[in-house]
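# Report on the structure
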Amino acid sequence: MTIATDELLTVPEVMARLKLGRSTVYDLIRSRRLVSITIGRSRRVPAHALRDFITHEIEEAA
């Protein structure tokens, strides 16, 4: 998977997928538990970073 073909998600898309509020998603980004990039003034989360986050959380809960 390359960056060029990887899907970039907006914060509202991440909110919808995780069923979390805006503040919580930004807290995850701020704490570096969820990887993101900035393009101009926009924050984007690579889809693979969201999958990695979910996988890590599942493993941690087990």
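Heads up: the structure comes first, above all this text.
Now for a look at the structure at hand. (Residues numbered from 1 in each chain as written. Predicted model: local features only at pLDDT ≥ 70, side-chain atom pairs only at ≥ 80, totals over all residues. Heavy atoms only, no water.)

All right, on to helix H3 (residues 47-61) then. Between its terminal C-alpha atoms H3 stretches 21 Å, which fits the 21 Å expected from 15 residues at 1.5 Å a residue. Those residues of H3 not exposed but buried are Ala-47, Ala-49, Leu-50 and Phe-53. The arc that holds the buried residues of H3, viewed along the axis, is 165°, so those residues lie on one side. Within H3, the exposed residues directed more than 90 degrees away from the buried face are Ile-58 and Glu-59. Contact partners of the buried residues in H3: strand E1 (8-10), helix H1 (11-18), helix H2 (22-30) and strand E3 (42-46). (Helix = DSSP H or I, 4+ residues; strand = E, 2+ residues; numbered from the N terminus. Expected span 1.5 Å × (residues − 1). Buried < 20%, exposed > 50% of the residue type's maximum accessible area, 1.4 Å probe, protein only. Arc of directions from axis to C-beta. Contact = heavy atoms within 4.5 Å.)

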